[in-house]
Amino acid sequence: MNVACARVYELYLYVLVRTGAASRLAAWPLPVPPAGRPLALLVAGTSVVLLLYAVLAAGSDPWVRSFRALTLLSGLALPLAALRFAGTAGAPAFGGCLILVATGSGLAHRFLATRRRPGAASRAIERARWAVETAGLLLFASGVALLASDRPVPIRLAFWALFLLRLSVSDLLDPSRLASATGLSRSALKDARKAAGAGRRVRPARRLSAAAAGALKGLLLAAWLLLPLAAALAPGEVAAGVWPGGALALRHYPLAALAATALVLVGDGLASLRKRPVEAVRALVAGFGTAAYLLFAYGDPAFAAYRASLPALVLLETAFGFLLGAARRERS
């Protein structure tokens, strides 16, 4: 077990080095020695995630209460445990266990979705989302007003309007939600059941065909979800000679992701306009705003200063989407 956890931690360090995050982390003015900062970052992140799950686990269900107590105690105890393992031979195994604990807690949080109840934490997160969305809409409306009066829209105004709008609708862009919306995950699960012959007799040839189709769809889904990581790794891997030079094309992933999600938001907004009008309008505004931004602002020479911020925008959008998704599932 210790060896497996240590391997997981080595993979974590590898990602930090190849993405350049390790060098940036070492340059931060922190009271922790550079060698111990990756573990400190992992401890802090895991503690925050566990405490978030604890405050979102509202309700009197016994399983929810047990999960709340366990995540609360673990989140508070992890920094103390880190003092015991930091700088020792057991630090890699401890770090790998933290990653597994965070992953397992996320699965348990998702499993308990129907047992939880809305609480103060989920309502606070929802209010924060509305505040971000209101600010984004005000900036977006200011840009539209400038265009209507034949005045130029400052690139800074356009960028921050897009940034806030994208953050506010990041719950609509949750990877699991998008996978469900495309039907890919359901189709892969259906093929897997058919391959197992669930519920009826299935010919061996059809089982084999369904198994191959399910595996292919699963690989496509995994590749889709791993694209952001591949895009972040590409420059470091090419510089190290591990990946071919053509992999540098992945650097354009943030731009492609913005364009693709703009289409998804517009399509989803048009499809749900009658059933979920409020959510549909949110998606349409963010989708058309993203498309307009990419069409009119991305090619502007003044945008060069913000082009390097697109990967950070996608990363923060993913993190905010995780936060909103974790809170929103409380009402499942």
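Residues numbered from 1 in each chain as written. Predicted model: local features only at pLDDT ≥ 70, side-chain atom pairs only at ≥ 80, totals over all residues. Heavy atoms only, no water.

Draft legend 1. Fine view of the overall build of the protein. The helix and strand inventory of the protein stands at 14 helices and zero strands. Starting at the N terminus, the α and β elements of the protein follow one another as α-α-α-α-α-α-α-α-α-α-α-α-α-α. Counting over 332 residues, the protein shows a buried share of 36%. Of all intrachain contacts in the protein linking residues separated by at least 6 positions in sequence, the fraction that spans at least 24 positions is 68%. When the accessible area of the protein is evaluated, it comes to approximately 18,800 Å², of which 70% is carbon and sulfur surface. (Helix = DSSP H or I, 4+ residues; strand = E, 2+ residues; numbered from the N terminus. Buried < 20%, exposed > 50% of the residue type's maximum accessible area, 1.4 Å probe, protein only. Contact = heavy atoms within 4.5 Å. Areas by Shrake-Rupley, 256 points an atom, 1.4 Å probe, with all protein chains shown as cover.)

Draft legend 2. Structural context of the nonpolar core. Within the largest apolar cluster, 12 residues are counted, these being Tyr9, Tyr12, Leu16, Leu39, Leu42, Val43, Leu50, Leu78, Ala82, Ala91, Phe94 and Leu98. Contributions of two or more residues to this core are made by helix 1 (2–19), helix 3 (37–56), helix 4 (62–85) and helix 5 (91–111). Of all the elements, helix 3 adds the most residues to this core, at four residues. Other than its neighbours up to four places away in sequence, Ala82 contacts Val43 and Phe94. Leu56, Ile125, Leu167 and Leu324 belong to the second-largest nonpolar core, a separate cluster that totals 11 residues. (Core = buried A, V, L, I, M, F, W, Y, C linked by side-chain atoms within 4.5 Å.)

Draft legend 3. Quick peek at a nonpolar patch on the surface. A contiguous nonpolar patch, built from Leu11, Tyr14 and Val242 and spanning about 280 Å² of accessible area, is present on the exposed surface. When you line up the elements, Leu11 lands in helix 1. (Patch = residues over 30% accessible without salt bridge, like charges linked within 9 Å, V, L, I, M, F, W, Y side chains within 5 Å. Salt bridge = Lys/Arg side-chain N within 4 Å of Asp/Glu carboxyl O.)

Draft legend 4. Inspection of the side chain of Arg129 at higher detail. By the element assignment, Arg129 lies in helix 6 (residues 120–148). A relative accessible area of 3% means that Arg129 is categorised as buried. In terms of polar contacts, Arg129 uses its side chain to reach the side chain of Glu133, at 2.3 Å. (Polar contact = N/O pair within 3.5 Å; in protein donor to acceptor, adjacent residues only side chain to side chain.)

Draft legend 5. Looking closely at the packing of helix 6 against helix 12 (residues 277–296). Packing of helix 6 against helix 12 brings their axes to within 12 Å, and their N-to-C directions diverge by 50°. As judged from the angle between their axes, helix 6 and helix 12 are oblique. Between helix 6 and helix 12 the crossing geometry is left-handed. Taken together, the residues of helix 12 that come into contact with helix 6 (itself represented by Arg129, Trp130, Glu133, Leu137 and Phe140) are Val278, Arg282, Val285 and Gly289. Within the contact of helix 6 with helix 12, the residues separate by chemical class into five nonpolar, one polar and three charged. (Axes fitted to C-alpha atoms, helices over the stretch in contact; angles between N-to-C directions. Parallel < 35°, antiparallel > 145°, perpendicular 65-115°, else oblique. Left-handed = near helix turned anticlockwise from the far one by under 90°. Nonpolar A, V, L, I, M, F, W, Y, C, P; charged D, E, K, R; others polar.)

Draft legend 6. Local environment of the packing of helix 3 against helix 6. In the contact formed by helix 3 and helix 6, the axes pass within 7 Å of each other and the chain directions differ by 110°. The angle between helix 3 and helix 6 falls in the class roughly perpendicular. Contacts from Leu52, Val55 and Leu56 of helix 3 reach helix 6 at Ala121, Ser122 and Ile125. Taken together, the residues of the contact of helix 3 with helix 6 break down into five nonpolar, one polar and no charged.

Draft legend 7. Molecular detail of helix 1. In this model, helix 1 (18 residues) spans 26 Å end to end at C-alpha, consistent with the 26 Å of a helix rising 1.5 Å per residue. Taken residue by residue, helix 1 has Cys5, Ala6, Tyr9, Tyr12 and Leu16 as its buried positions. With its buried residues spanning 115° around the axis, helix 1 presents them on a single face. For helix 1, the exposed residues set more than 90 degrees away from the buried face come down to Val3, Arg7, Leu11 and Val17. (Expected span 1.5 Å × (residues − 1). Arc of directions from axis to C-beta.)

Draft legend 8. Main features of the environment of Phe320. Relative to the helices and strands, Phe320 is located in helix 14 (residues 310–328). Sequence spacing of Phe320 and Ser170 is 150 residues, and the spatial spacing of their C-alpha atoms is 6.5 Å. Residues contacting Phe320, with those up to four places away along its chain left out, are Val132, Leu167 and Ser170.

Draft legend 9. How the structure looks around the pattern of salt bridges. Scanning the entire structure with this criterion turns up six salt bridges. With a shortest N-O distance of 3.2 Å, Glu126 and Arg129 are connected by a salt bridge. Placement of the pair is Glu126 and Arg129 together in helix 6, with a separation of three residues, close to one helical turn. By relative accessible area, which is 24% here, Glu126 ends up partly exposed. Put simply, Arg276 and Glu279 hold a salt bridge, and the shortest N to O gap is 3.1 Å.

Draft legend 10. Fine view of the environment of Ser170. Here Ser170 is to be found in the loop between helix 7 (155–168) and helix 8 (175–182). On the basis of relative accessibility, which here comes to 2%, the residue Ser170 falls in the buried class. Sequence-distant contacts of Ser170, that is, excluding residues within four places in its chain, are made with Glu317, Phe320, Gly321 and Leu324.

Draft legend 11. Seen up close, the side chain of Ser122. By secondary structure assignment, the location of Ser122 is in helix 6. The class for Ser122 is buried, based on a relative accessible area of 3%. Side-chain polar atoms of Ser122 contact the backbone oxygen of Gly119, separated by 2.9 Å.

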